[in-house]
Amino acid sequence: MISRIARYWHTLRYLRPVQFYGRIWFRVFRPRIDLRPAPPRRILSARTWVLPARRLPSLISAEQFCFLNETRDLSVHGWDDAALDKLWRYNLHYFDDLNARDGAARSEWQVALLSRWVRENPPAAGTGWEPYPTSLRIVNWIKWELSGNELPPECLESLAVQVRWLMQRLEIHLLGNHLFANAKALVFAGLFFDGPEAAIWLKKGMRILKKEVPEQILADGGQFERSTMYHALALEDMLDLCNVATVFSAALPACGQTVVSDWQTRIGVMSQWLAVMCHPDGEISLFNDAALGIAPSPVELERYARDLGLTSSRFLSEGVTHLAQSGYVRVDRNGRVALLDVAPIGPDYLPGHAHADTLSFELSVSGERVLVNSGTSCYGLSAERLRQRETAAHNTVVVDNQSSSEVWAGFRVARRARPIGLEIEHQEDEVEIVCSHDGYRRLPGRPIHTRKWRFDAASVVIEDHVSGRFHHAEARFHLHPAVMPEIFSDGKAGCLKLAGGRRLNWQVESGEPRIEEATYHPCFGISEPTRCLILRLQESGSRIRFNWA
């Protein structure tokens, strides 16, 4: 009981007051449903709508959907089957397929589903009317209409009802990307419709974004939750906002053009941040809650920005790139790319998408991923969700079988690790990066983990040291499934065979190595078998060298 109380205390102490009273308000207050006719449509300006970022199709047939790599039939499960994972049901109500690739080929199915949704989802009933799916659905319906389609009349009427409901259900208790999505939907609706009511929606959305954009988009361009996936989603949001603001530029408030100009500037640094945090294969690295296939691909986001006339300054030079505000470092030397996590786990009041991954890193060699964090395949409260957030699922050091940050309950964090003492030394032929974190100081011996990476032309050396008292510590190096490890007979060295035929040798200079079976989760709903090279610390330290010469 004492431990449970302490965990709650260390979780709740960081929250903002609005997250407490907002939660009470959200549960107690039930707004009325407003069924008045929808406001009139606003007349488009001369500027045409730009094709938004495209995802892969999720509508497989007239009633069959594939979300999170799981296919289900609407005729069997309906819109809100509690037996299905809630995230899957959320996706069902987003209507992302309206703006997915080759949508015209599915337009007949899409129109039928739009009308069916209105008939079978009465106002405020079920998962589909929760604020987050409502916000994404509002945006997707409007984007689809602006792309040259025609919403059925009942959907236009429903759209107004949804916006009115959302106005009274803003997720001030969650904040972060949820409140951002609420505000984006209000801006879209406020520009899409005309008249006094639409003006109120627009004003409210713009006021929220005025505060949230500079808070959620850090100076180096990173989204403040430190997830590459959520960063890509935030970049899509910003591009969508610029798109709709340009189409309806005459409807913007007096300061609107200045605001849009600021958005466009931020998009440039956001695009650069995303490029820095991608592997040479063009896809995102897997830090914190991150998975492939949820956000549009980096290539598609770059295309979208280019079509909007927002040419990014995406340029990746060799050497060291330090994203100082978000806390990541990219080391790019002769075709070897390492991405280092020397970041806080996220904003203190909003760590829901954080993993206990402090001082982890990922590595690509000759365009192939070699060392990877294990990724994210599920949300919710399962033991698997917790395991994927724990330190052992990442390329860093586990002390006494504990995680560096106390992740729990799906989206909660109690005591959390903080990086300290970062030093970056960059010489002509060598890069050395050192950082520590205090996440294990809560343990009886108050240990501190310090990691040193040293890169030269032929290798990378990872040296770990844990100060203070502890019983057991090990550094874990998760291999990409395409990498086949081998340990030599002396037990202190081995090689990694890459899919492309290349071999990397590894040599343990301090520590006890072993190889264990592990799993890799690059996408939701996917678990791939792989291997993990584990190095038990000896005399408080370990040192391993990966050679690619």
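Residues numbered from 1 in each chain as written. Predicted model: local features only at pLDDT ≥ 70, side-chain atom pairs only at ≥ 80, totals over all residues. Heavy atoms only, no water.

Turning next to the pairing of strand 11 (residues 419-426). Sheet topology note: the strand 11/strand 12 (residues 430-437) ladder contains 6 bridges and is antiparallel. Bridging from a neighbouring strand, histidine 426 pairs with valine 431 of strand 12. Linkage of strand 11 to strand 12, two consecutive antiparallel strands, is achieved through a turn of 3 residues. (Pairing = 2+ DSSP bridges. Helix = DSSP H or I, 4+ residues; strand = E, 2+ residues; numbered from the N terminus.)

Enumeration according to the criterion identifies 23 aromatic pairs in this entry. When the ring of phenylalanine 193 is compared with that of tryptophan 201, the centres are 6.0 Å apart and the planes differ by 80°; the resulting orientation is edge-to-face. Each of the two residues, phenylalanine 193 as well as tryptophan 201, counts as buried. Relative to tryptophan 453, the ring of phenylalanine 361 lies with its centre 6.1 Å away and its plane at 80°, an arrangement referred to as edge-to-face. Here tryptophan 453 lies in strand 13 (residues 448-456) and phenylalanine 361 lies in strand 6 (residues 361-365), a separation of 92 residues in the sequence. Judged by its relative accessible area of 0%, tryptophan 453 falls in the buried class. (Phe/Tyr/Trp six-rings, centres within 6.5 Å; stacked < 30°, edge-to-face > 60°. Buried < 20%, exposed > 50% of the residue type's maximum accessible area, 1.4 Å probe, protein only.)

Here we have 8 strands laid out as an open sheet, ordered 11-12-13-14-21-18-17-16, and antiparallel in their pairing. Looking at strand neighbours, the two that pair on one side only are strand 11 and strand 16 (484-487), the edges of this open sheet. Averaged over all adjacent pairs, the angle separating strand axes in this sheet is 15°, with direction ignored. Strand direction decides the pairing type here: strand 14 (residues 459-467) and strand 21 (residues 541-547), joined by 7 bridges, are antiparallel. (Axes fitted to C-alpha atoms, helices over the stretch in contact; angles between N-to-C directions.)

In this section: the packing of helix 5 (residues 107-120) against helix 6 (residues 131-146). Interaxial distance between helix 5 and helix 6 falls to 13 Å at its minimum, and their mutual angle equals 140°. Between helix 5 and helix 6, the crossing angle belongs to the class labelled oblique. When you trace helix 5 past helix 6, the crossing you get is left-handed. Contacts between helix 5 and helix 6 pair Gln110, Val111, Leu114, Trp117 and Val118 from the former with Arg137, Trp141 and Trp144 from the latter. (Parallel < 35°, antiparallel > 145°, perpendicular 65-115°, else oblique. Left-handed = near helix turned anticlockwise from the far one by under 90°. Contact = heavy atoms within 4.5 Å.)

As paired elements, strand 1 (residues 64-67) and strand 2 (residues 70-73) share 4 bridges and run antiparallel to each other. Counted as the bridge partner of cysteine 66 is threonine 71 from strand 2. With antiparallel pairing between neighbouring strands as the criterion, strand 1 and strand 2 make up a hairpin whose turn holds 2 residues, including leucine 68 at a positive phi of roughly 55°.

The next thing to look at is a nonpolar patch on the surface. On the surface, Tyr8, Leu12 and Phe20 cluster together into a nonpolar patch covering about 270 Å² of accessible area. When you line up the elements, phenylalanine 20 lands in helix 2 (residues 17-28). (Patch = residues over 30% accessible without salt bridge, like charges linked within 9 Å, V, L, I, M, F, W, Y side chains within 5 Å. Areas by Shrake-Rupley, 256 points an atom, 1.4 Å probe, with all protein chains shown as cover. Salt bridge = Lys/Arg side-chain N within 4 Å of Asp/Glu carboxyl O.)

On to empty space enclosed by the protein, then. Summed over the entire model, instances satisfying the criterion amount to 4 cavities of 30 Å³ or more. There is about 100 Å³ of room inside the largest cavity. If you go around the largest cavity, the residues you meet are Ser58, Leu59, Phe65, Phe67, Asn91, Leu92, Phe95, Asp96, Asp97, Leu98, Gln110 and Leu113. Sorting the residues of the lining of the largest cavity by element identifies strand 1, helix 4 (86-94) and helix 5 as the ones contributing at least two each. Of the voids in this model, the second largest cavity is the one considered here, and its volume is about 60 Å³. (1 Å grid on protein atoms, 1.4 Å probe; cavity = no way out; pocket = protein on both sides within 12 Å on 5 of 7 lines; lining within 4 Å. Points joined across faces, edges and corners; volume = space filled by probe spheres on them.)

Now for the side chain of threonine 228. Structurally, the position occupied by threonine 228 is in helix 10 (residues 228-247). Judged by its relative accessible area of 1%, threonine 228 is buried. Other than its neighbours up to four places away in sequence, threonine 228 contacts Trp273, Leu274, Met277, Ile284, Ser285, Leu286, Phe287 and Ala290.

So, about the pattern of salt bridges. When the charged atoms of two side chains with opposite charge come close together, those side chains can pair. Following the criterion strictly, the structure yields 41 salt bridges and no others. In this structure, arginine 36 and glutamate 197 form a salt bridge, with 3.0 Å as the shortest nitrogen-oxygen distance. You can see arginine 36 sitting in the loop between helix 2 and strand 1 and its partner glutamate 197 sitting in helix 9 (residues 196-216), a full 161 residues away along the chain. The partly exposed category is assigned to arginine 36, whose relative accessible area is 45%. Its relative accessible area of 19% is what places glutamate 197 among the buried residues. For glutamate 212, the salt bridge identified is with lysine 211, shortest N-O distance 3.6 Å. Its relative accessible area of 4% is what places glutamate 212 among the buried residues. Among the charged side chains, a salt-bridge network with shared partners connects Arg32, Asp34, Arg36, Arg164 and Glu197.

We now examine unusual backbone geometry. Phi at phenylalanine 95 is positive, roughly 65°, even though this residue is not glycine. Along the polypeptide, phenylalanine 95 turns up in the loop between helix 4 and helix 5. The exposure class of phenylalanine 95 is buried, given its relative accessible area of 9%. In the Ramachandran plot, arginine 226 falls in the positive-phi region, its phi being about 60° despite a non-glycine side chain. For arginine 226, the position within the fold is in the loop between helix 9 and helix 10.

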